[in-house]
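Structural description and commentary
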Amino acid sequence: MHQPLATPQVTDLLDFDRAHVWHPYSSALAPSTTRLVESANGIRLRLRETDGTVREVVDAMSSWWCAVHGYAVPQLDAAARDQLERMSHVMFGGLTNEPAIRLARALTERAPRADGYAPLEQVFLADSGSVSVEVALKLAWQAHAAAGRPRRTMFTIRGGYHGDTLAPMSVCDPLDGMHTLFRGVLPQQVFAPRPPAGLDADTPTYAEWERQVRALYAQHADDVAAVVLEPVLQGAGGMHIYPPQAVALLAALARESGALVIFDEIATGLGRTGTMWAADRCAVVPDIMCTGKALTGGYLTLAAVLCTRAVAEAVSSGSAGALMHGPTFMGNPLACAVACASLDLIGSHTLQRTERMQAELDEALDPARALDCVRDVRTLGAVGVIQLHEPVDVERVIAAALRRGVWVRPFRDLVYAMPPFVSDADDIALIGRAMVEAIQEVHG
Ligand SMILES: *Cc1c(COP(=O)(O)O)cnc(C)c1O
């Protein structure tokens, strides 16, 4: 049996962590607080405090939107154990493996479909979301080069987030994405204004946005390689919900000009926004699509890029004769086996649940609307967002929510929840109450 850590060990671990370990977007000079997770089960994390106490809290973040079935999921544990007994990894160059093939088949079967669009039927298994976006961009660049019309520019909208490696960073929001810091290093892309908030496109604001975007696109149409979007919900760039019509418009502009359409569904896909893919709300199938985050149910790092036969053939017919990418851990059997088991758990019941969760989040977050510090409350599927008028006092809101039994990790002016799909109505009520009360306590 697993031995719980003694208090001096916990202190020692946290001291070393603070002194020597990078955390996401962290400073070595002024590291922010980290808490030690000893284990996790269901939707709860067991945190070990330095005073020896154990605190069980609901994970309203699904570990950065990945652990959609919660933790220690029997079906996923079994898939991992079963695969470990065969092999954990084997190279993908010249060799293949059953879990990778099964996963590719499952993804093509579940890929978005719409009338008038070719299906996504070719799969590249990447080892993280950022790498999958790199591959998607390379597919687009290679496809154009092979057709003898090298186009370089990616056309996207402000407020996006597509990952932390260099090419994906170039399509992240230029201000949030710290483009100034990396000036001269990042490729230059074209950014349209962010579409107006909400799903409704029948507004004067939307009409004005459309006019601006058409004009901007026309200026660059001849050099656009692809339009790159997180459809309907921009995640890490600001939890911004925008009209499916905006997605459809940009996809149509791309098609008319001979550019490709790339959907980054790493955050939105696999049921999170209430439909299997956010693309399903837009009646558009992209030429290239990235999926990641929840793909293994949060067990292991894995992402995938799907593309149409036409893109795959165009890339393969170029001078290189191949897609020029091949990570060491490509097609990792352990991750793929868990991903297959996770996809098996995502079905129509998941979509019904995430749809109902939207109503529960609406109700649970509603009291926030009465607070003076709150600017907006919005929900989409299993995503609930409270936006303040000012930057969140992150450390204090985290502590206040933890005292109420919930783990959240706010950023900028946003306190949000992306709970595991297995959360029930009571869990959502608890999450909402903790968020609202924590904001009230800290921001008044
Ligand atoms: C998280 C995320 C990525 C990057 O994925 P990593 O696995 O962190 O590299 C890319 N795009 C979107 C939309 C994301 O939410």
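Residues numbered from 1 in each chain as written. Predicted model: local features only at pLDDT ≥ 70, side-chain atom pairs only at ≥ 80, totals over all residues. Heavy atoms only, no water.

Re the overall build of the chain
Per the secondary structure count, the chain includes 13 helices and 16 strands. For the chain, the spread of C-alpha atoms along the three principal axes comes to 65 × 60 × 45 Å. Sorting the 444 residues of the chain into buried and exposed places 53% on the buried side. By sequence separation, contacts in the chain at least 24 residues apart represent 72% of the contacts at least 6 residues apart. Summed over all atoms, the accessible surface of the chain reaches about 19500 Å², with 54% contributed by carbon and sulfur. Between the centroid of the 37 positive side chains of the chain and the centroid of its 50 negative side chains there is a distance of 2 Å. (Helix = DSSP H or I, 4+ residues; strand = E, 2+ residues; numbered from the N terminus. Buried < 20%, exposed > 50% of the residue type's maximum accessible area, 1.4 Å probe, protein only. Contact = heavy atoms within 4.5 Å. Areas by Shrake-Rupley, 256 points an atom, 1.4 Å probe, with all protein chains shown as cover. Lys, Arg positive; Asp, Glu negative; His and termini not counted. Charge placed at Lys NZ, Arg CZ, Asp CG, Glu CD.)

With respect to the site of the ligand
Within the structure, the ligand sits among Trp65, Ser128, Gly129, Ser130, Tyr161, His162, Gly163, Glu230, Asp264, Ile266, Ala267 and Lys293. In the environment of the ligand, an oxygen atom lies 2.9 Å from a nitrogen or oxygen atom belonging to the backbone of glycine 129. The contact in question runs from an oxygen atom of the ligand to an N or O atom on the side chain of serine 130, over 2.6 Å. When the free accessible area of the ligand is taken as 380 Å², the share hidden by the protein chains comes to 82%. For the shell around the ligand, the class distribution of residues is 4 nonpolar, 5 polar and 3 charged. (Near = heavy atom within 4 Å. Polar contact = N/O pair within 3.5 Å; in protein donor to acceptor, adjacent residues only side chain to side chain. Nonpolar A, V, L, I, M, F, W, Y, C, P; charged D, E, K, R; others polar.)

Quick look at the pairing of strand 2 (residues 44–48)
By the bridge criterion, 5 bridges tie strand 1 (residues 36–41) to strand 2 in an arrangement that is antiparallel. Each bridged residue has a counterpart across the sheet, and for serine 39 the counterpart in strand 2 is arginine 46. Once strand 1 ends, the chain turns through 2 residues before running back antiparallel as strand 2, passing glycine 42 with a positive phi of about 60°. The pairing of strand 2 with strand 3 (residues 54–59) spans 5 bridges and is antiparallel. Its bridge partner lying in strand 3, arginine 46 is registered against glutamate 56. Taking the residues that link successive antiparallel strands as the turn, the strand 2-strand 3 hairpin has 5 residues, and the phi of glycine 52 there is positive, at about 90°. (Pairing = 2+ DSSP bridges.)

So, the packing of helix 4 (residues 98–110) against helix 10 (residues 333–345)
Interhelical geometry of helix 4 versus helix 10 gives an angle of 35° and a closest axis separation of 8 Å. Every pair of crossing elements has a handedness; the one defined by helix 4 and helix 10 is left-handed. Contacts from Pro99, Ala100, Arg102, Leu103, Ala106, Leu107 and Arg110 in helix 4 reach Pro333, Cys336, Ala337, Ala339, Cys340, Leu343 and Asp344 in helix 10. Considered class by class, the residues forming the contact of helix 4 with helix 10 number 11 nonpolar, no polar and 3 charged. (Axes fitted to C-alpha atoms, helices over the stretch in contact; angles between N-to-C directions. Left-handed = near helix turned anticlockwise from the far one by under 90°.)

Considering the sheet that holds strand 13 (residues 374–380)
Spatially, 13-14-16 is the arrangement adopted by the 3 strands of the open sheet, whose pairing is antiparallel. The open sheet terminates on both sides in strands that have one partner only, identified here as strand 13 and strand 16 (414–417). This sheet shows a mean twist of 10° between the axes of neighbouring strands, independent of strand direction.

Some thoughts on a nonpolar patch on the surface
Together, Tyr25, Met178 and Leu181 give the surface a local cluster of nonpolar side chains, amounting to about 360 Å² of exposed area. With respect to the helices and strands, leucine 181 occurs in the loop between helix 6 (166–171) and strand 6 (190–192). The class for leucine 181 is exposed, based on a relative accessible area of 63%. (Patch = residues over 30% accessible without salt bridge, like charges linked within 9 Å, V, L, I, M, F, W, Y side chains within 5 Å. Salt bridge = Lys/Arg side-chain N within 4 Å of Asp/Glu carboxyl O.)

A closer look at the domain arrangement of the chain
Structurally, the chain comprises domain 1 (10–68 + 349–443) and domain 2 (78–345). Between domain 1 and domain 2, the C-alpha centre-to-centre distance is 27 Å. Across the contact, 25 residues belong to domain 1 and 28 residues belong to domain 2. Here domain 1 and domain 2 share 0 salt bridges between them. For the side of domain 1 that touches domain 2, the elements supplying multiple residues, two or more each, are helix 2 (62–65), helix 11 (348–365), strand 13, strand 14 (383–388) and strand 16. It is helix 11 that provides the largest number of residues to the side of domain 1 that touches domain 2, a total of 4 residues. Here the side of domain 1 that touches domain 2 is composed, by residue class, of 17 nonpolar, 6 polar and 2 charged. (Domains from an automatic or database assignment.)

Focus on the pattern of salt bridges
On inspection of all chains with the given rule, the structure shows 20 salt bridges. One salt bridge connects glutamate 360 with arginine 353, and the closest N-O pair in it is separated by 2.8 Å. The network of salt bridges with shared partners includes Glu38, Arg46, Arg48 and Glu56.

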